[in-house]
Each structure stands twice: as C-alpha cells, then as structure tokens.
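# Report on the structure
What follows is each chain in one-letter form.
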Amino acid sequence: MNVPDRSLATAAASLGSHPADGRAPVALHDVRVVYDDHVAVDGVSLSVGTGGWTALIGPNGAGKTSLLHALTGAVPAHGRITVGGRDMLALPPRQRARRVALVPQRPVIPEAMTALDYVLLGRTAHLSYLGVEDEADLRIAADILARLDLSPFIHRGVQTLSGGEQQRVVLARALAQQTPVLLLDEPTSALDIGHRQQVLELVDRLREECNLTVLAAMHDLTLAAQYADCLVLLDSGRIAAQGTPAQVLTRERIAAHFDADVHVVTAPDGELAVIPARAGGR
C-alpha cells in the first residue's frame, strides 16, 4: 500500500475531528463485571468530564482492565455506561467503536501485517461495510505514525518491531479511530523513559487540542499523578478512594492497598512523586 507523498505534511488537522459525539463525558453507574463466580468489578460508579484525564490505579487484580473492557463491550457488564449520553451497552459494536478506542495491555497483532496496515484498522469503524480506505484515511494513519516517531517503520511488519515500538503502533491504531474517548491499559509498560514521556505528552496534547477524554489504567503512580486530573483507586473491584493526586496518594493509603512502603514527595514544580522506601532508611 502506497502512502501519498503529502500525507505527513497535510494531516495535522485531521486528528482534531471526532465524527461521533463532539462532547463525550463518560459516566458509569453501578457497573459490575462477573467472570463465572468471580466478581471483577463490583458496583463502580464514576464520571469523567469531557477533556478530562482520569487514572485508574490499584494493585494487580483490582478490576482496572475489566472496567476498561466493559466500556468497549468486550466483556459483559451490568449497570449503566454512557458516553456522550449514549448507552454503550445498547449500541452495536460499530457505533461503540466510533466513541471509544482502547489501547490494550496485550494486543493481538496479526502476522505479516505492516505498521501502516495495522494502524489503518483503526479506520474500520468509519468505513462503509464494503468500503476501503481512501487518501484521507492514509493521511490520518501516516500523520499519527509520524507523531509517534514511527515513520521509519511504516512498511515494516509489526511483529518484527521491538516491544516498545509495537506498543506505540498499537496506540497509533487507537488514535486513528478518532474517537472522543481514549482508553489506555498500561500504555507505557514496554517503553523506555524517553518514549514513555513522548507518548503521554502526545496524549495530553491531543486531550487539550481535541477535547479528548482519557481514562487510563496506570501502574506507575508518579506518572498517574503527573498526567491525570483525577485518580480512582480500585481494590477488589470497588472504589477505595477518588480525588486529586494529592488527596489519593498518601503514604498510609498506598501501604494499605499496595502493601508497599513509599515516600510521597513534592517536586519543585509542585508535582507528586511516589518513591519506594528502602529497608533501613537507605
């Protein structure tokens, strides 16, 4: 597949268009996710305003991933989930895909698929049932690949890329969906510190420029504090705490829910950092 020569130069404005709901607050009311006899999410209610960034934090098995998958319809859920006032549990998959895009923690990547073709999968929800990608779709995909420093790999097989490069390609596919809501499940777990910062800064910039609503599951509590407006601490499928990073990230609360001894410090710029404490005070 050939990319038009003018793709990278003219596509910047394309990311600012959201064909579905231009304003898309997310609201969950009494959401439950049950696998056989295991309750993964137990009566969660929360809201994320348009253009907000909420980080889901909590220990392993707290229900963060299950909650994100409930929003996409990938797992059965009870309760009420709305995006832009539309009932997500009642929408067909194609319409849900125009409202929320997920960056999964463990994506399925088809063999022998190039980075460009993989990112173009994000355009599927906007095509007619028998339609194919046009030049505008190619421009959108190429621009996003460029923003994520992936242009040199545009015709490389995704499975030949490093773990960090693959993770950025998966993010690019989600951004190509042009949804008003972006769901991130540990989006930087395979990235080095430079690309981790690059990816989160890009998401934050798009959030501001396009009123993108972000809901992210994040293990790194310092990054969660730096980028999210609101933190939601989950434990055993329930909300244990919710509020600003300063309200949620206390040494006592982290000890209680993560079984970790940490220092919570304030950097000169006012941002919080969570630092593991060494035994013996070293």
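Structural data are supplied above this passage.
Let me sum up the structure you'll find in this document. (Residues numbered from 1 in each chain as written. Predicted model: local features only at pLDDT ≥ 70, side-chain atom pairs only at ≥ 80, totals over all residues. Heavy atoms only, no water.)

## Comments concerning the sheet that holds strand β8 (residues 213–217)
Spatially, the six strands line up as an open sheet ordered β6-β7-β8-β3-β9-β10, and their pairing is mixed. Every other strand in the sheet has two partners, leaving β6 (100–103) and β10 (238–243) as the edge strands with one partner each. Strand-to-strand, the axes of this sheet are offset by a mean angle of 15 degrees, without reference to chain direction. Taken together, the four bridges between β6 and strand β7 (residues 181–185) define a ladder with parallel strand orientation. Counterpart to Ala101 in the pairing with β7 is Leu182. The strands touched by helix α7 (residues 193–210) are β3 (53–57), β7 and β8; relative to β3, the strand with the most contacts, the crossing angle is about 140 degrees. (Pairing = 2+ DSSP bridges. Helix = DSSP H or I, 4+ residues; strand = E, 2+ residues; numbered from the N terminus. Axes fitted to C-alpha atoms, helices over the stretch in contact; angles between N-to-C directions. Contact = heavy atoms within 4.5 Å.)

## A closer look at the environment of Ala273
Mapped onto the fold, Ala273 is located in strand β12 (residues 272–276). Taking the C-alpha atoms as reference, Ala273 lies 7.4 Å from Ala225; in sequence the two are 48 residues apart. Sequence-distant contacts of Ala273, defined by excluding residues within four places in its chain, comprise Thr222, His263, Val264 and Val265.

## Some details on the packing of helix α6 (residues 163–176) against α7
Relative orientation of the contacting elements α6 and α7 amounts to 10 degrees, with a least axis distance of 12 Å. Between α6 and α7, the angle falls in the class roughly parallel. For the pair α6 and α7, the contacting residues are Arg168, Leu171 and Leu175 in the first and His195, Gln198, Val199, Leu202, Val203 and Leu206 in the second. Among the residues making up the contact of α6 with α7, the classes are represented as six nonpolar, two polar and one charged. (Parallel < 35°, antiparallel > 145°, perpendicular 65-115°, else oblique. Nonpolar A, V, L, I, M, F, W, Y, C, P; charged D, E, K, R; others polar.)

## Some words on the pattern of salt bridges
Within this structure, the stated rule accounts for nine salt bridges. A salt bridge links Arg238 to Asp42; its shortest N-O distance comes to 2.8 Å. Here Asp42 lies in strand β2 (residues 38–48) and Arg238 lies in strand β10, a separation of 196 residues in the sequence. Ionic pairing is found between Arg251 and Asp261, a salt bridge with its closest N-O pair at 2.8 Å. Highlighted residues: Arg251 in helix α10 (residues 251–258) and Asp261 in the loop between α10 and β11 (262–266), separated in sequence by 10 residues. A residue is classified by how much of its surface remains accessible, and Arg251, at 37% relative accessible area, is partly exposed. Judged by relative accessible area, Asp261 falls into the partly exposed class, the value being 43%. Connected through salt bridges with shared partners, the residues Arg32, Asp42 and Arg238 form a single ionic network. (Salt bridge = Lys/Arg side-chain N within 4 Å of Asp/Glu carboxyl O. Buried < 20%, exposed > 50% of the residue type's maximum accessible area, 1.4 Å probe, protein only.)

## Thoughts on the nonpolar core
Counting 59 residues, the largest nonpolar core has Trp53, Leu171, Leu182 and Leu184 as its most contacted members. Of the residues forming this core, the biggest block, seven residues, is contributed by α6. Those residues within four positions of Trp53 in sequence are excluded, and the remaining contacts are Leu184, Leu200, Val203, Asp204, Arg207, Val214, Ala216, Met218, Tyr227, Ala228, Asp229 and Cys230. Counting residues in each nonpolar core, the second largest holds 30 residues, with Ile81, Leu91, Cys230 and Val232 among its members. (Core = buried A, V, L, I, M, F, W, Y, C linked by side-chain atoms within 4.5 Å.)

## Side note on the pairing of strand β9 (residues 230–235)
The buried fraction of β9 is high, at five of six residues. In terms of strand pairing, β3 meets β9 through four bridges, oriented parallel. Looking at the pairing, Thr54 lines up with Cys230 of β9. As judged from the five bridges shared by β9 and β10, these two strands associate in the antiparallel manner. Note that in β10 the partner of Leu234 across the bridge is Ile239.

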